[in-house]
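# Architecture and fold: a report
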Amino acid sequence: MDEWAPVGLLGANSLVGECVIQRLSQDGRHTVAFSRYPPEGKTAAGVTWQQLVASLPTHLEVPPIKEWLCVAPIWVLSQYFGMIEASGACRVVALSSTSLFIKKDSANRSEQDIARRLAEGEHALRAWAEAHGIEWVILRPTLIYGNGRDKNVTEIVRFVRRWGFFPLLGEAKGLRQPVHTEDVATACVAALTEPAAANQIYTLSGGETLPYREMVSRIFTTLGKSPYLVTVPRWMFQAAVAFIRILPRFKHWTVEMAERMNRDLVFDHADAERDLSFSPRPFRLMPNDLPV
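Notes on the structure follow. Remember, predicted model here, so these are calculated numbers, not experimental data.

## Some points on the pattern of salt bridges
- The full count for this structure, using the stated rule, is 19 salt bridges.
- A salt bridge links Asp271 to Arg274; the shortest N-O distance between them is 3.3 Å. On the criterion of helical spacing, the pair formed by Asp271 and Arg274 is a turn pair, its members being three residues apart in helix 10 (residues 270-276).
- With relative accessibility at 39%, the residue Asp271 sits in the partly exposed group.
- A relative accessible area of 57% places Arg274 in the exposed class.
- Here the salt bridges do not stand alone but share partners, grouping Asp113, Arg116, Arg117 and Glu120 into one network.

Okay, structure coming up:
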């Protein structure tokens, strides 16, 4: 591996993208970071920012880049295939999600649509890459958290801070494997160069499996609060969700999300451990994992 060779990064302003840039910098690698909204102000050393325009991606002057990483939604990646091919790419690593399986059979149409777009994005990458002799790697993380920017744990934190309790549907003993964004980023960077990872799909699950109820209880503890968990019947939860969705921050909440509290969402990451040296941490929230 040429440690000075640039890496193309799509979705650089995302939660995982931020951690990927830090990881690449630690490895002494230069990042060509692509985003619709590049950060204002001083650019960090070792990073060149390029602003993406989805309708005109091929108009960007892109330097030779052999390794690409997409941490933007995988279904947008196909918009940039021409740009990536023109750069002389040899490998493309893309972040998908285990939601492909979890939401496929959901009663909620928007969740079904997410699963469909994930599947289509994965298929498009594989078909395009194989047609052009480019290696591909797909990573499917479970519930990502960390740095106070995720859309999973932080939503629970904000609810607890605002209301002082958290509602649970039934016993909420469905198993979860939260994975920290820094661990996902480390796996992404490893997948760029690991020979065994070529044309493979890996699951990135957390280093600990715990019931949903316990996960929420630990969030209370991190906030310095005693867990106040309220078990409610489905009809009441349905009414509560209809009410809470009035608030913009909780507009994506669904009853289906609550029903999954009692489903085991467990995935094996042994392949990633073997090929990518993936070693995720247990679910331990730190102060910097909480939203401001």
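## A short note on the pairing of strand 2 (residues 31-35)
- Here strand 2 lies mainly inside the structure; five of its five residues are buried.
- Alternating positions in strand 2 separate into two faces, Thr31, Ala33 and Ser35 on one and Val32 and Phe34 on the other, with burial throughout.
- For strand 1 (residues 7-10) and strand 2, the ladder comprises four bridges, and the chain directions are parallel. By the bridge assignment, Leu9 is partnered in strand 2 with Ala33.
- Once you follow strand 1 into helix 1 (residues 15-26) and on to strand 2, the crossover reads as right-handed.
- Relative to strand 3 (residues 47-51), strand 2 is paired through five bridges, and the arrangement is parallel. If you follow Val32 over to strand 3, its bridge partner there is Thr48.

What counts, and at which threshold
Residues numbered from 1 in each chain as written. Predicted model: local features only at pLDDT ≥ 70, side-chain atom pairs only at ≥ 80, totals over all residues. Heavy atoms only, no water. Salt bridge = Lys/Arg side-chain N within 4 Å of Asp/Glu carboxyl O. Helix = DSSP H or I, 4+ residues; strand = E, 2+ residues; numbered from the N terminus. Buried < 20%, exposed > 50% of the residue type's maximum accessible area, 1.4 Å probe, protein only. Pairing = 2+ DSSP bridges. Right-handed = clockwise from strand over helix to strand, strands pointing away.

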